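What follows is the residue order along each chain.
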Amino acid sequence: MSSPPWLECLPTPSVWSRHRRDGYAPWALELVIILSMMLLIAAATPIGAHLGSISPNPLWIPVLLLSSQYGTKAGVAAAVASMVVHWLAGAPPQAGGEDIYEYLYRIWREPMLWPVAAVVLGGFRDRQAQKTEALRSRLVEADAQLRSIGELAEELRAHCEALERQIACAADRSIEAGLAALDEVCKASPETLKLALVGAMEMLVGPASYLVLTLRDGRLAVDGEISSALGDSRKPPRIERLPEVLEMELLRGQRLLSIRKSEAVGKLAGVGLIAAPILTPTGDRLIGALLIQSMDPMRLTEATEHSLCVLCRELSQALSRERVLCSFGRPRPPARLVPLATGAASPARSAVPDWPDCAVPGDR
């Protein structure tokens, strides 16, 4: 990301403001060059000419130049050096009728003003340099913030593009897709039930570890063939049977238990987040349970619980398809004629014992 054009157009700091932090004074060389040139000019002038006889004094040049360019310190140094040069160059002769005080005032009037001018002009220059430095540091900081914001914007744009690609390549989660997944579970065979259940869980609950328990010998036992666990280090320990309190609650209450409800936390006993019963297609008795052991906390909502109830209802169709559900009624067999001693026929019941009517749930 390039720098903004307004930052490049700013005036650069003065040489003094750049180098005085390092203890180097480049103005000293300039002062030596200026004073040497003035001494050479004074030496090349006729014998009767003196620098002090020129008004204004040429030695004002280094004082004003260095004070306005480099600040107070350089200006005071230039004033002191100019006073030394003024004294070494010699003073003009005293005029007749001029006493000593008038003579000293005439030859030292301007040199005494040099330190004053250096302090005044140097003070203005120092203040300007401080403001310029403060402004430049603020602009450098703003430029760094601008670069940081630009980098964050680039990262955000890349993240949005990645999310867009992920959404474009993600599985369909529409209502039609959910109904199709439930229908696959309902019509699944024992060989395809696990794959269909994984797809339905991914659609309705998201990534989750779950156990499917079936009723065997009056107890709920884990069916490892259709259960699934997340392949990460946080997957919960595998259990073979439910705690007795949770199992009795599912057998008797036949209702969904979730840690969202405070009264169900103790019954779940830390083995799962949601326990949903799987009832027969007629809804009269329990044949299994679905235990969610881990899932996305943001998906732990009432809507997810309703979806699990629907999934258990469809799952009961698949689990009951290979079972034979019996209705233990006692229907009477059809009457048949039994010959009597008198030769007449009389209706009588068969001595064949009563058998329960058995049917496959899908044929009912």
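A brief report on the enclosed structure follows. Not measured: the values here are computed from a predicted model.

1. Notes on the pairing of strand β2 (residues 219-222)
Here is step 1: Summarising the sheet, strand β1 (residues 208-216) and β2 pair through four bridges and their orientation is antiparallel. Its bridge partner lying in β2, Leu215 is registered against Leu220.
Here is step 2: Between the end of β1 and the start of β2, which pair antiparallel, lie two residues, with Asp217 showing a positive phi angle near 55°.

2. What to know about the pattern of salt bridges
It is possible for side chains of opposite charge to pair when their charged atoms get near one another.
Here is step 1: Under the criterion given, the structure shown has eight salt bridges.
Here is step 2: Measuring nitrogen to oxygen at the nearest pair gives 3.0 Å for the salt bridge that ties Asp143 to Arg147. In this pair, Asp143 and Arg147 both sit in helix α6 (residues 100-169), four residues apart, roughly one turn of the helix.
Here is step 3: Exposure remark for Arg147: the relative accessible area of 30% places this residue in the partly exposed category.
Here is step 4: Notably, a salt bridge pairs Lys267 with Glu249, separated by 3.5 Å at the nearest N-O pair. In this pair, Lys267 is assigned in helix α10 (residues 262-268) and Glu249 in helix α9 (residues 244-253), connecting sequence segments 18 residues apart.

3. Comments concerning the packing of aromatic side chains
Here is step 1: Inspection of the entire model under this criterion finds one aromatic pair.
Here is step 2: Taking the centre distance of 6.2 Å and the plane angle of 85° together, the rings of Trp60 and Trp114 count as edge-to-face. Here Trp60, found in helix α4 (residues 60-70), pairs with Trp114, found in helix α6; they are 54 residues apart in sequence, far enough to count as distant.
Here is step 3: A relative accessible area of 17% means that Trp60 is categorised as buried.
Here is step 4: Take Trp114: its relative accessible area is 0%, and that puts it in the buried class.

4. Overview of helix α8 (residues 193-204)
Here is step 1: Over its 12 residues, α8 runs 16 Å from end to end, which matches the ideal 16 Å to within 8%, given 1.5 Å per residue.
Here is step 2: Those residues of α8 that are buried are in contact with α7 (175-187), β1, β5 (286-295) and α11 (302-320).
Here is step 3: With its phi angle positive at about 95°, Gly206 sits one or two positions after the end of α8.

5. Description of the sheet that holds β5
Here is step 1: Across the sheet, five strands lie side by side as β2-β1-β5-β4-β3; this open sheet has antiparallel pairing. Looking along the sheet, the strands with just one partner apiece sit at the ends: β2 and β3 (257-258).
Here is step 2: Sheet strands touched by α8: β1 and β5. Its angle to β1, the strand with the most contacts, is close to 130°.

6. Things to note about the nonpolar core
Here is step 1: The biggest cluster of nonpolar side chains holds 32 residues, and the ones touching the most others in it are Leu193, Met201, Leu290, Ile292, Leu308 and Leu311.
Here is step 2: Put simply, the parts of the chain that give this core at least two residues each are α7, α8, β1, β4 (274-279), β5 and α11.
Here is step 3: Among the elements that take part in this core, α8 stands out by supplying seven residues, more than any other.
Here is step 4: Among all residues touching Leu311, those that are not within four sequence positions of it are Leu182, Val185, Leu197, Ala200, Met201, Leu204 and Leu290.
Here is step 5: Counting residues in each nonpolar core, the second largest holds 19 residues, with Ile34, Trp60, Leu66 and Trp114 among its members.

About the thresholds
- Residues numbered from 1 in each chain as written.
- Predicted model: local features only at pLDDT ≥ 70, side-chain atom pairs only at ≥ 80, totals over all residues.
- Heavy atoms only, no water.
- Pairing = 2+ DSSP bridges.
- Helix = DSSP H or I, 4+ residues; strand = E, 2+ residues; numbered from the N terminus.
- Salt bridge = Lys/Arg side-chain N within 4 Å of Asp/Glu carboxyl O.
- Buried < 20%, exposed > 50% of the residue type's maximum accessible area, 1.4 Å probe, protein only.
- Phe/Tyr/Trp six-rings, centres within 6.5 Å; stacked < 30°, edge-to-face > 60°.
- Expected span 1.5 Å × (residues − 1).
- Contact = heavy atoms within 4.5 Å.
- Axes fitted to C-alpha atoms, helices over the stretch in contact; angles between N-to-C directions.
- Core = buried A, V, L, I, M, F, W, Y, C linked by side-chain atoms within 4.5 Å.

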